[in-house]
Amino acid sequence: MTTSEIETTGPGTAREPEPMPGGLVAAGERARERVRESLGAAVGVDGAVRRPCSSRTLESALLLVLLRRRGGHPRQEQELAEFLAAPQAQVGGFDAALVQAVLHGRTVGTDVVGGELLAGFDHFTLARKRLLFDVYLAVAGAVPFQASMLRPYRAAASGADNTVTWIEMIMLSVRVLVAHGLGAGNQVDDGERERLLELLGSSRAPVWENYTAAHLLALLAVQEFAPGHPLVETGVAAVLACRNPDGGVPSMSNLDVFNTGPAGLALARAGADRALLHRMCDYLINQQMPDGGWTFAERMRHTDVDASSYAAACLAAVDPVRHREALLRAGGYFRGIAGRDGGFPTYMKGDPSEVGMTAGAVSALAWNGTDHGDLLDAAARWLLDAQHQDGTFERSWSLSEANTIWRATWALHSVPEATRTTLKARIADADAASHRFLAEAQNADGGWGYRPGDASDTTSTCYSLLALAAMGRRPQSDAVVRAGVTHLLSRQEPDGSFTALPDQVAPRPLLFDAPVFTDTWVLLALTGFDRDDTR
């Protein structure tokens, strides 16, 4: 993190920016070219953007607990301990509690889950999240196991290729760990143990569904009743193999499909080499699943609307004719998962609709408004109904208020002309409310933070600029945009790079950091004012 990432400027009307040497447009073009080169260099020969997630405290602490229980890895234990001892691994109360427990055997005396981590978390998964994070702390030794943590086992729904079995595996692992933690392992029956082993062995990826925390939780559970099982040994080896050079464990062992979709969209808008773009799209098409959607990483089973939206938007932006077959299959996926209310969930049809997912689906389907006019009209109405009075939306998978403002605005300006005409007044009102919020939330340095009052950060500034661009605002005529662009350019390091605070969250609301996203969001923001077709 650079010093520019920890500024403390508060919100308010931005100062009129001073003219930049050579002009704002020229400076933006230079910065854009540097970022385009950097992001293009991240594309592999197979078209994938293969960049790892940063190490995270949770997974590193869980692996250290597991290695200590198994023995035989003293060097790796030492490296994990060194990573956890660093200040950046103990930023929040939850992380600090994990570290103090695994390194020093200290318990926590405050409710860091309910009082901090989940404070203000308003989501249908709240009860499950509360249990899960409490169990993480108990496994680390930060809090005692409680009888209230022992929940009945519930199998996941069956009969669908995209059943989200990770929920079943996590909750079954939690049940085993709590039972053994309470000294009541006999409350777990043979069928439950066999099912956990079946689930643990079902992944095609070395780390289970590339979801490191879920894999470690299951390994810790199996360690309780079958420590010599081959799945434990191979599972430990897989997690050790994906560690980062800093000794820590990444939050996701692979994010290549999700990385590639928005990166390809950004590079397409920036006019990158066509051969490079076609290589990226060919990779994405090769990763498309039988249901027409995409997973967030390779060798996975579970498609999701977020990864699918960015992949499809990339294909459409590069060449909708060349990629028509894949886009039609994607359209079938979105149609199949759409909710009755007009919105879209993240994973499963019937789950509550979410703003980010609904907006992403609209943006991905907009290339074919003729065939999907009904979906797009219903989704646009749902998005308009979901807007808060202050111009914001639920934040969902992001910490930044501006993320869903951008995605919703992009979607509302992407729907077919018939819907835009019918909803013209409502869309204009939505734009005005969001613009008012962004203008008031803009810091005096021209940037934006996660929420009003937070220091400016690169990612939130990019999202805000993208939202303003989607509204049709331009630097030449809008002082808010002009100040925002000037601030964003000021964040560029002498070597041409940008740094950003992490924004993605999984398991919600725990942060994970995928550094390659910084170049993606910056490049999208710097190209957002070029043409109307970026809306």
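Predicted, not measured: the structure shown is a model, and the values here were computed from it.

Brief notes about the overall build of the protein
On a plain count of helices and strands, the protein comes out with 22 helices and two strands. The C-alpha radius of gyration of the protein comes to 23 Å, within 12% of the 24 Å expected for a compact globule of 535 residues. Projected onto the principal axes, the alpha-carbon positions of the protein cover approximately 70 × 50 × 45 Å. Burial statistics for the protein: of 535 residues in total, 60% are counted as buried. Residue pairs at least 24 apart in sequence account for 72% of intrachain contacts in the protein once pairs closer than 6 positions are excluded. Total accessible area on the protein is roughly 20,900 Å²; 51% of this is exposed by carbon and sulfur atoms. The protein carries 49 positive and 63 negative side-chain charges, and their two centres are separated by 2 Å.

A short note on the nonpolar core
Membership of the largest hydrophobic core comes to 184 residues, with the highest contact counts inside it found for F94 and F334. Per-element tally for this core: the top contributor is helix 13 (residues 305-318), with ten residues. Not counting chain neighbours up to four residues away, the residues in contact with F94 comprise L58, V112, V113, E116, L117, F133, Y136, L137 and L510.

Points about unusual backbone geometry
Backbone geometry follows two general trends: most residues other than glycine have a negative phi, and most peptide bonds adopt the trans configuration. In this structure, P509 follows R508 across a cis peptide bond, with omega equal to 5°. As for its position among the elements, P509 is in the loop between helix 21 (479-490) and helix 22 (516-527). Even without glycine at this site, N210 takes up a positive phi of about 60°. Since its relative accessible area comes to 5%, N210 is described here as buried. A positive phi angle, close to 55°, is found at S396, a residue other than glycine. One can find S396 in the loop between helix 16 (369-386) and helix 17 (401-412). A relative accessible area of 17% means that S396 is categorised as buried.

Description of the environment of V485
One can find V485 in helix 21. A relative accessible area of 10% means that V485 is categorised as buried. Spatially, the C-alpha atom of V485 lies 8.5 Å from that of A525, the residues being 40 residues apart in sequence. Beyond its immediate chain neighbours, meaning those up to four positions away, V485 contacts L24, L465 and F529.

Considerations on the packing of helix 13 against helix 15 (residues 355-365)
The N-to-C vectors of helix 13 and helix 15 enclose an angle of 25°; their axes lie 8 Å apart at closest approach. Between helix 13 and helix 15, the crossing angle belongs to the class labelled roughly parallel. For helix 13 against helix 15, the interelement crossing comes out left-handed. Taking contact as the criterion, the partners of V305, D306, S309, A312 and A313 in helix 13 are, on helix 15, M357, G360, A361 and A364. Residue classes in the contact of helix 13 with helix 15 are distributed as six nonpolar, two polar and one charged.

Remarks on the packing of aromatic side chains
Overall, the coordinates contain 15 aromatic pairs when judged by the stated rule. Ring centres of Y310 and W521 lie 6.1 Å apart, and the angle between their planes is 50°; on these two criteria the pair is classed as tilted. A residue pair is termed long-range when its members are at least 10 positions apart, and Y310 in helix 13 and W521 in helix 22 qualify at 211 residues. By relative accessible area, which is 4% here, Y310 ends up buried. An aromatic cluster is defined as three or more aromatic residues linked by ring pairs; in this entry it consists of F258, Y310, W406, W410, Y463, F517 and W521. Here the basic side chain of R269 rests over the ring of W410, its NZ or CZ set 5.2 Å away from the ring centre. Against the face of W397 rests R508, its NZ or CZ located 3.7 Å from the ring centre.

Points about the side chain of S308
Here S308 shows up in helix 13. We classify S308 as buried; its relative accessible area is 0%. Separated by 2.8 Å, the side chain of S308 and the backbone nitrogen of W294 make a polar contact. When residues no more than four places from it in sequence are discounted, the contact partners of S308 are G293, W294, Y333 and F334.

Side note on the pattern of salt bridges
Tallying each qualifying case throughout the model produces 24 salt bridges. The residue R451 makes a salt bridge to E401 at a minimum N-O spacing of 3.1 Å. Pair noted here: R451 is in the loop between helix 19 (424-441) and helix 20 (458-470) and E401 is in helix 17, with a separation of 50 residues, a long-range link. The exposure class of R451 is partly exposed, given its relative accessible area of 39%. Overlapping salt bridges bring together D46, R50, D256 and E298 as one network.

Some remarks on the confidence of the model for the protein
Close inspection of predicted coordinates is inappropriate for parts of the model with low pLDDT. In the predicted model, the protein carries a mean pLDDT of 92, and 93% of its residues have values of at least 70. The low-confidence segment residues 17-22, where pLDDT is below 50, has seven contacts with residues more than four positions distant or belonging to other chains. Across residues 158-162, confidence stays below pLDDT 50; counting only partners more than four residues off in sequence or on other chains, it has nine contacts.

A few points about the packing of helix 3 (residues 74-85) against helix 4 (residues 93-104)
Two elements in contact, helix 3 and helix 4, have axes whose closest approach is 10 Å; the angle formed by their N-to-C orientations is 140°. Regarding the angle of helix 3 to helix 4, the classification is oblique. You can see that helix 3 and helix 4 cross each other, and the crossing is left-handed. Contact residues: A81, L84 and A85 in helix 3; V99, V102 and L103 in helix 4. Partitioned by chemical class, the residues of the contact of helix 3 with helix 4 number six nonpolar, no polar and no charged.

The rules behind each value
- Residues numbered from 1 in each chain as written.
- Predicted model: local features only at pLDDT ≥ 70, side-chain atom pairs only at ≥ 80, totals over all residues.
- Heavy atoms only, no water.
- Helix = DSSP H or I, 4+ residues; strand = E, 2+ residues; numbered from the N terminus.
- Rg over C-alpha atoms; globule rule 2.2 N^0.38 Å.
- Buried < 20%, exposed > 50% of the residue type's maximum accessible area, 1.4 Å probe, protein only.
- Contact = heavy atoms within 4.5 Å.
- Areas by Shrake-Rupley, 256 points an atom, 1.4 Å probe, with all protein chains shown as cover.
- Lys, Arg positive; Asp, Glu negative; His and termini not counted.
- Charge placed at Lys NZ, Arg CZ, Asp CG, Glu CD.
- Core = buried A, V, L, I, M, F, W, Y, C linked by side-chain atoms within 4.5 Å.
- Axes fitted to C-alpha atoms, helices over the stretch in contact; angles between N-to-C directions.
- Parallel < 35°, antiparallel > 145°, perpendicular 65-115°, else oblique.
- Left-handed = near helix turned anticlockwise from the far one by under 90°.
- Nonpolar A, V, L, I, M, F, W, Y, C, P; charged D, E, K, R; others polar.
- Phe/Tyr/Trp six-rings, centres within 6.5 Å; stacked < 30°, edge-to-face > 60°.
- Lys NZ or Arg CZ within 6 Å of the ring centre and 35° of its normal.
- Polar contact = N/O pair within 3.5 Å; in protein donor to acceptor, adjacent residues only side chain to side chain.
- Salt bridge = Lys/Arg side-chain N within 4 Å of Asp/Glu carboxyl O.
- pLDDT = per-residue confidence, 0-100.

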